[in-house]
Amino acid sequence: MKFLSKHSPFMRNANTTQEILNIVLFSLIFVLIWSFVNIYFVFGTIVLLHGISMVVVSCIFAILSHVFFHFFTMKKENYKDSKAKFTYIYKKTKEGVPIITALILTMCLPLGTPLYVVIVATIFAEIFVKLMFGGFGFNIFNPALSGFIFAVISFSSIVSPYIPDAITSSTPLGIMNGTNWGIGARDYPNLIHNVVALFGGYSNMIFGTMPGAIAENARFAIILAFIYMGYKKVIDIFIPIFYIGTIFIVTWILGIHLGFGIEYPTTHILTGAIFFAAVFMATDPVTNPINRQGRIIFSIFFATLTMILRLFSNHNEAVGYSLLLMNTCVPLIDRHTANVTMKDLNKKKLSIVISMAVSFVVVFVFLFFYQ
Amino acid sequence: MGFFSGKNKVKIKGFKDLTNTKDIFEYLEPKIVAIPLRDATSETFDVHVKIGDYVKIGTNIATRKDHFVVPIFSSVSGFVKDIKEMYHVSGKIVNHIVIENDFKDEKQELFNPKENFENIPKNDIVEYIKKLGVMGLGGAGFPTYVKYNTDKKVDTILINGIECEPYITSDEINIKKNAEFLIEGTLLLMRSVDAKNGIIGIKENKPSLYKVLTESVLEHKNIKIVQTPDVYPMGWERLLLRQTLKREYDKLPIEVGVIVSNASTVIEFSKSLKTGLPAYERIITISGNGFVKNQNVKVRIGTILKEIIQEMGGYKGENLKLIYGGPMMGNTLDTDEVAITSIASSFLCMEEEKKEEPSPCLRCSRCVDYCPCGLQPVALMNAGEQKEVNLLRELSAFKCTSCGVCSYVCPSKIDVTEGVSKARDFYLSLFE
Ligand code: SF4
Ligand code: SF4
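Conventions adopted
Note on numbering: residues in each chain are counted from 1, in written sequence order. Here the convention is simple: chains get letters from A, ligands get numbers from 1, in the order in which they are written. Totals for whole chains, interfaces and linings use all residues, but because this is a predicted model, local features are given only for residues with pLDDT of at least 70 and pairs of side-chain atoms are given and counted only at 80 or more. No hydrogens and no water enter the side-chain calculation; it runs on all heavy atoms of the structure. Nonpolar cores are built from buried Ala, Val, Leu, Ile, Met, Phe, Trp, Tyr and Cys residues. Side-chain atoms within 4.5 Å join them into one set. Using a 1.4 Å probe on the protein chains alone, a residue whose accessible area is under 20% of its type maximum counts as buried, one over 50% counts as exposed, and one in between counts as partly exposed. Comment: elements are numbered from the N terminus, with helices defined as DSSP H or I runs of at least four residues and strands as E runs of at least two. The contact criterion used throughout is that any non-hydrogen atoms of two residues lie within 4.5 Å. Once two parts are joined, some of their accessible surface, as seen by a 1.4 Å probe, is lost; buried area is that loss totalled over both. By definition, a salt bridge exists where a carboxyl oxygen of Asp or Glu is found within 4 Å of a side-chain nitrogen of Lys or Arg. Each polar contact in these results corresponds to two N or O atoms within 3.5 Å; when the atoms are within protein, one needs to be able to donate a hydrogen and the other to accept it, and residues that are neighboring in sequence are counted only if both atoms are side-chain atoms. Residues are grouped as follows: nonpolar covers Ala, Val, Leu, Ile, Met, Phe, Trp, Tyr, Cys and Pro; charged covers Asp, Glu, Lys and Arg; every other residue, Gly included, is treated as polar. Nearness is judged by heavy atoms alone; a residue qualifies as near a molecule or strand once a single heavy atom is within 4 Å of it. Throughout, an axis means a line fitted to C-alpha atoms (over the contacting stretch in the case of helices), and angles, computed between N-to-C directions, take values from 0 to 180 degrees. Orientation labels follow simple angle bins: below 35 degrees gives roughly parallel, above 145 gives roughly antiparallel, 65 to 115 gives roughly perpendicular, and whatever is left gives oblique. Rotating anticlockwise by less than a right angle from the far helix to the near helix defines a left-handed crossing, while the corresponding clockwise rotation defines a right-handed one. Scored between 0 and 100, pLDDT is the confidence that the predictor attaches to each residue. Should DSSP find at least two bridges between two strands, the strands are regarded as paired. A helix is expected to reach a length of 1.5 Å times the quantity of its residues less one. Only Phe, Tyr and Trp rings take part, Trp by its six-membered ring, and two of them pair if their centres are within 6.5 Å. Stacked means planes under 30 degrees apart, edge-to-face means over 60, and tilted covers everything else. The criterion for a charge sitting over a ring is simple: Lys NZ or Arg CZ within 6 Å of the ring centre, and within 35 degrees of the ring normal.

### Comments concerning the nonpolar core
Proteins that are soluble and globular tend to have nonpolar side chains buried together. The biggest cluster of nonpolar side chains holds 98 residues, and the ones touching the most others in it are V31, Y243, F276 and F280 of chain A. No other element matches helix α15 (residues 292–313) of chain A, which puts ten residues into this core. Counting 66 residues, the second largest nonpolar core, distinct from the first, contains F68, V126, I267 and L320 of chain B.

Shown next, in the form of structure tokens:
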């Protein structure tokens, strides 16, 4: 009798990576559809069609990038007939999850980004950020985010202000950045109030019927997606909680200093891509730390960086830049939260984690007051 | 378990009902037995018999002689036929003493049977453990006398009746049948180290076992039956201590005043005291979809597995894996011509399912979350592949117990446990 030789364990649970990715994909599509419905009602059919074509084009080019990349890099001698080659490319492309990257990328681009910019950004994200690093799972930077930043930097004059005629080019984020978030404007106690009113109140900011990137304003849908993905355990719910929570608390303190009330932090978290980035980009498991402590440090630092960039340099893409910067810190964070044994975890590590993160926040607050 | 430390345990379907409701099948008349000259990791033995010698049940045929002294005994009466190399359950080739059974079952008592344990002087208890060559039956096979031969202060004896690996039910059956022996033995062991409390831990999904045990401890207020959640690896000493006593230790439980013993170990010890004979039979679980019959079997130590399986109807299915131990930590065997050792509790046979190709690791951190040792399996695996010694040290490679949880939870179906075990073995090999 011949028996097979295998390494333990001999049982596996039923979860698969495909299932996890499908849940993320489903959530993204849900948010996207919500946004499209909003866009249709606010801006009409033409803009909607443009939005849809951005998404479709991005998906197509994402898949094509993978297919071509694998076609040119495959060791042809290993695959005799074209069927074997096809299976190889199909498998590799599927493993590379092009669609999720493409969706996230287009969802952060402003409505009205020209299609060629979408295409260039997609190819950049797939080829240079993902495939060149060894494919999905090996990339250091979040591909979608890098593609977005690439588009913003290389086509800055086209991407940010380019809005089809019918649409006003101002977003709440733009206006608030324009006024330096009320810093040095203590004589405008109604500033926030006016800006919020200009865009139809907080309900619009939550449900998303106002200008901005395709999906960043569908905050209500994003929250639903967050709950769904958190329930299905495909994301660490503490990343968005700590990220948004830190921003809220820090800006609340600053708001009090500036003479604003609770509307100041509320407006902060409800403008820009904070919700979208927190739920869909910061939680990308490939580019965030491997354990809980690491992810919490990551979120707190990420929040502080976002605030620094937003308040000191008034960047519209503060969230994106800071997340990209945090991506580079992931190996460092991982290394410092390595070797977490049960015993020293509770006392030593935890205090280090918290003191480091808190001191960072404190330094930031200090810097702010110093200004 | 906590907010920062992850879950550290995982719920696994038990498959225990395949065997725990059935009677014990008996196969007590093997033609030959082969007693392996290996326990735990040691193969240095003094052999006391030659080919052609006549031995009885309980004859001391060899003694482990490295830093521990553990005698091993014959499990049948008859003539020593051979001393030869055979495949051992650990996968190694090991010397075995082969004895031909004459079916007379002549016995050679080591001492007069003890009817009443209360008459045994306190200082003799460890001596009896040593004389009987009692080994931990939880899997590691560590000599029991070493644990109890201590002058540290011990307040609790923790009896491990968890059996957290799926499929295996031999301990459960054994406890159910011999609850009295378990309680008596526990009291005796408590007395030997002046421990005030005894705790018997079993899983909460075994209400009938709980009932049997609570009934038999009624008059012993100092023994408590504790039910633990049905998670893997609850039977791991560290986790069991954390769960039942909320204590953490560094290397050995004795540091925090606890000695942990497996329930079957205690039962076998009490039985031996009552008969004056060392353990020569044991219950093993035969289970899995590759066997025709799934049942617990009572066998002589040293019986060849092949005979037992033939007696039970053989195998079925294609692409079989024969596993010694449980499905999470066991190892596959190349052949079924292996002898049952005194610490073997189960043999499983499973059909190999068509496995999906592993997909790339998406760093989902499930392995990190669930690792019972609080390690980072995925990082360890990668560090092992790169042979980064410093990183392996930082990540505490040596702590991995090969529990199998990381592979079990991985959604990408990567063989993480294999990678981590290799990394650990590589790391440890640097210090030899
Ligand atoms: S569980 Fe598997 S996929 Fe997830 S981080 Fe560990 S090795 Fe990677
Ligand atoms: S096999 Fe090792 S690394 Fe994997 S979960 Fe178990 S203890 Fe952790």
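### Some words on the interface of chain B and chain A
Every contact between the two is made by 67 residues of chain B and, on the other side, 49 residues of chain A. Summed over both partners, the interface of chain B with chain A comes to about 4900 Å²; 59% of that surface belongs to carbon and sulfur atoms. In this structure, D415 of chain B and R12 of chain A form a salt bridge, with 2.4 Å as the shortest nitrogen-oxygen distance. For the interface between chain B and chain A, the tally reads 15 residue pairs in polar contact (both at pLDDT 80 or more). Contributions of two or more residues to the side of chain B that touches chain A are made by β15 (320–324), β16 (331–333), α9 (366–370), α11 (389–394), α12 (405–409) and α13 (416–429) of chain B. With four residues, the single largest contributor to the side of chain B that touches chain A is β15 of chain B. When grouped by side-chain class, the residues that make up the side of chain B that touches chain A number 30 nonpolar, 18 polar and 19 charged.

### Regarding the site of ligand 1
In the neighbourhood of ligand 1, the contacting residues comprise C361, L362, R363, C364, S365, C367, V378, C410, P411, S412 and V416 of chain B. By residue class, the composition of the shell around ligand 1 is eight nonpolar, two polar and one charged.

### Points about helix α14 (residues 274–281) of chain A
Side chains three or four residues apart in an α-helix point the same way, a direct result of the helix having 3.6 residues per turn. By the criterion of burial, α14 of chain A is predominantly enclosed, with eight of the eight residues buried. Within α14 of chain A the residues assigned to the buried category are I274, F275, F276, A277, A278, V279, F280 and M281 of chain A.

### Here's the deal with the side chain of K321 of chain B
As for its position among the elements, K321 of chain B is in strand β15. On the accessibility criterion, K321 of chain B (6% relative accessible area) is buried. Ignoring sequence-local partners within four residues, the contact set of K321 of chain B consists of F3, L4, K6 and F10 of chain A together with T332, L348, C349, M350, E351 and E352 of chain B.

### Considering the packing of helix α1 (residues 17–43) of chain A against helix α11 (residues 219–231) of chain A
Helix-helix packing is described using two parameters, namely the angle between the two axes and the distance between the axes. Residue and element names in this part refer to chain A. Two elements in contact, α1 and α11, have axes whose closest approach is 9 Å; the angle formed by their N-to-C orientations is 165°. It follows from the interaxial angle that α1 and α11 lie roughly antiparallel. Every pair of crossing elements has a handedness; the one defined by α1 and α11 is right-handed. Contacts between α1 and α11 involve I23, V24, F26, S27, F30, V31 and W34 from the former and F220, A221, I222, L224, A225, Y228 and M229 from the latter.

### Section: the confidence of the model for chain A
Residue and element names in this part refer to chain A. Per-residue confidence for chain A gives a mean pLDDT of 82, with 85% of residues at or over 70. Confidence scores differ between elements of chain A, with helix α17 (residues 342–370) showing the lowest mean pLDDT of 65 and α11 the highest of 94. Within the model, pLDDT remains below 50 along residues 161–168, and this stretch shows 15 contacts once partners closer than five positions in the same chain are excluded.

### Describing the side chain of T251 of chain A
All names here are of chain A. The residue T251 is located in helix α12 (residues 238–258) in this model. Under the relative-accessibility criterion, T251 is labelled buried at 0%. Not counting residues within four places of it along the chain, the set of residues in contact with T251 comprises Y264, P265, H268 and M307.

### A few points about the site of ligand 2
Residue and element names in this part refer to chain B. Taken together, 13 residues are adjacent to ligand 2, and C371, C373, C400, C403 and C406 come closest. Those elements giving two or more residues to the shell around ligand 2 turn out to be α12 and α13. The residue makeup of the shell around ligand 2, split by class, is nine nonpolar, four polar and no charged.

### Let's talk about the pairing of strand β12 (residues 258–262) of chain B
Residues and elements named next belong to chain B. Where burial is concerned, most of β12 is hidden: five out of the five residues are buried. Bridge count between strand β9 (residues 156–160) and β12: five bridges; the pairing is parallel. In the strand pairing of β12, I159 is matched with S261.

### A short note on α1 of chain A
Between its terminal C-alpha atoms α1 of chain A stretches 38 Å, which fits the 39 Å expected from 27 residues at 1.5 Å a residue. Directly after α1 of chain A, the chain includes G44 of chain A, whose backbone phi takes a positive value near 95°.

### Structural notes on the packing of aromatic side chains
Within the structure shown, the criterion is met by 25 aromatic pairs over all chains. Counting every residue linked through ring pairs, the aromatic cluster contains F3 of chain A together with F291 and Y315 of chain B. Taking NZ or CZ as reference, K13 of chain B lies 4.2 Å from the ring centre of F15 of chain B, over its face. Between the NZ or CZ atom of K274 of chain B and the centre of the ring of F117 of chain B, over which it lies, the distance is 5.0 Å.

### A few points about unusual backbone geometry
Geometrically, the link from S8 of chain A to P9 of chain A is a cis peptide bond, its omega value of -5° lying close to zero. One can find P9 of chain A in the segment before α1. You will see that F103 of chain B, though not glycine, has its phi angle at about 60°, which is positive. Within the secondary structure layout, F103 of chain B lies in the loop between β8 (93–101) and α1 (125–131). In the Ramachandran plot, S365 of chain B falls in the positive-phi region, its phi being about 65° despite a non-glycine side chain. If you trace the backbone, S365 of chain B turns up in the loop between β17 (346–351) and α9.

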